[in-house]
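Architecture and fold: a report
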Amino acid sequence: VVVVVEEVGGLLHAAPPHRSRRDFLKASTATAIAATGLNFLSSSPATAESGSGPPKEGGAAPRRYVIRGGYVMSMDSRVGDFAPGDVLVEGTKILAVGPSLKPGHGADVIDATGRAVMPGFIDTHHHQFETALRSFLANGILINDGSGSPSAGPTYYEYILLKFAAVYRPQDVYINELFGGLAQLDDGVTTVHDISQIHHSPQHSDAAIQALFDTGRRAAFGYFESAGGVAGNQYPLDALRIKPQWFSASDQLVHMIMGGEGYLGQPTYTQAWHIGCQLDLQIAAH
């Protein structure tokens, strides 16, 4: 899958007649198989996956490239869907979407034949620091319900938050955050709200944020409490350091959201919300 998720500016398009996306995908697949023998659901590598990705920005002028010949699903009725279609990009802006676009002299071409071209998915709730633990508690529930039944344990709260998270080091935070982000990118999830609850120290916080930046995708860093209440955590006061140190620019791929959970008790969540307002941050809670 070729993923495109950047701001649209000066978009040019010619929308085709309306039809359902289910019909569009069925028709696109049939066309690919009948006309060219391609199966875009197969595991064989396509040109779009073999090193011909978006060009690096290496000069003063934004680079221009066209994603050519894919099955374009814009997810926008004003733009429409095209089978096949092209997406013209300059720098970080989508300039045009439609069939047989003329990108101009010197533009790079990404061959998306037999592939779907669509916006990336958005994950609104993800605990990326738990990536290495994601298969540990497949049969668990959130908290012990006191029933004494097998379903009462093991639980997420007792094992993930109080046992595993409590012994995380900053380097553990970094590798979990990084691998979690890269794994999601591989699945087409290009934007995430990371509900981060691993702030045992400023070093833990910095490791989580650095990994989000290093992943290279769009993310909202949710600064929530320290799982397990490990001694030495500076939540929520460390937000006063984090915001100017990491999020001073307004056009970064990664931005900050202030977490303020009601279950932390009124003194703590009130302090967190006040700090969030002081720093002009959005405030989130479960």
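This is a predicted model, so every value here is computed, not measured.

**Section: the overall build of the protein chain**
Regarding its fold elements, the protein chain presents 6 helices and 12 strands. Here the protein chain holds 286 residues, and the buried ones make up 44% of them. For the protein chain, restricting intrachain contacts to residue pairs at least 6 apart in sequence, the fraction spanning at least 24 positions comes to 74%. Accessible surface, the protein chain as shown: approximately 15100 Å² in total, 57% of it carbon and sulfur.

**A closer look at helix 2 (residues 156–164)**
When helix 2 is considered as a whole, its buried residues turn out to be Tyr 156, Ile 160 and Leu 161. Relative to the axis of helix 2, the buried residues are bounded by an arc of 75 degrees and lie together on one face.

**Some words on the packing of helix 4 (residues 202–215) against helix 5 (residues 239–246)**
The contact between helix 4 and helix 5 brings their axes to 11 Å, and the two run at 30 degrees. Between helix 4 and helix 5, the angle falls in the class roughly parallel. Here helix 4 runs over helix 5; the crossing is right-handed. Contact with helix 4, carried on its side by Pro 202, Ser 205, Asp 206, Ile 209, Gln 210 and Phe 213, involves Arg 241, Ile 242, Gln 245 and Trp 246 of helix 5 and no other residues of that element. For the contact of helix 4 with helix 5, the residue count by class is 5 nonpolar, 3 polar and 2 charged.

**Overview of the pattern of salt bridges**
Taken as a whole and judged by the stated rule, the model has 7 salt bridges. Here Arg 169 makes a salt bridge to Asp 172, at a shortest N to O gap of 2.9 Å. Residue Arg 169 is classed as partly exposed on the basis of its relative accessible area of 46%. Among the salt bridges present, the one from Asp 206 reaches Arg 241, with a minimum N-O distance of 3.0 Å. With Asp 206 in helix 4 and Arg 241 in helix 5, this residue pair connects regions lying 35 residues apart in the sequence. What emerges from the salt-bridge pattern is a single network uniting Asp 206, Asp 238 and Arg 241.

Calculation rules
Residues numbered from 1 in each chain as written. Predicted model: local features only at pLDDT ≥ 70, side-chain atom pairs only at ≥ 80, totals over all residues. Heavy atoms only, no water. Helix = DSSP H or I, 4+ residues; strand = E, 2+ residues; numbered from the N terminus. Buried < 20%, exposed > 50% of the residue type's maximum accessible area, 1.4 Å probe, protein only. Contact = heavy atoms within 4.5 Å. Areas by Shrake-Rupley, 256 points an atom, 1.4 Å probe, with all protein chains shown as cover. Arc of directions from axis to C-beta. Axes fitted to C-alpha atoms, helices over the stretch in contact; angles between N-to-C directions. Parallel < 35°, antiparallel > 145°, perpendicular 65-115°, else oblique. Left-handed = near helix turned anticlockwise from the far one by under 90°. Nonpolar A, V, L, I, M, F, W, Y, C, P; charged D, E, K, R; others polar. Salt bridge = Lys/Arg side-chain N within 4 Å of Asp/Glu carboxyl O.

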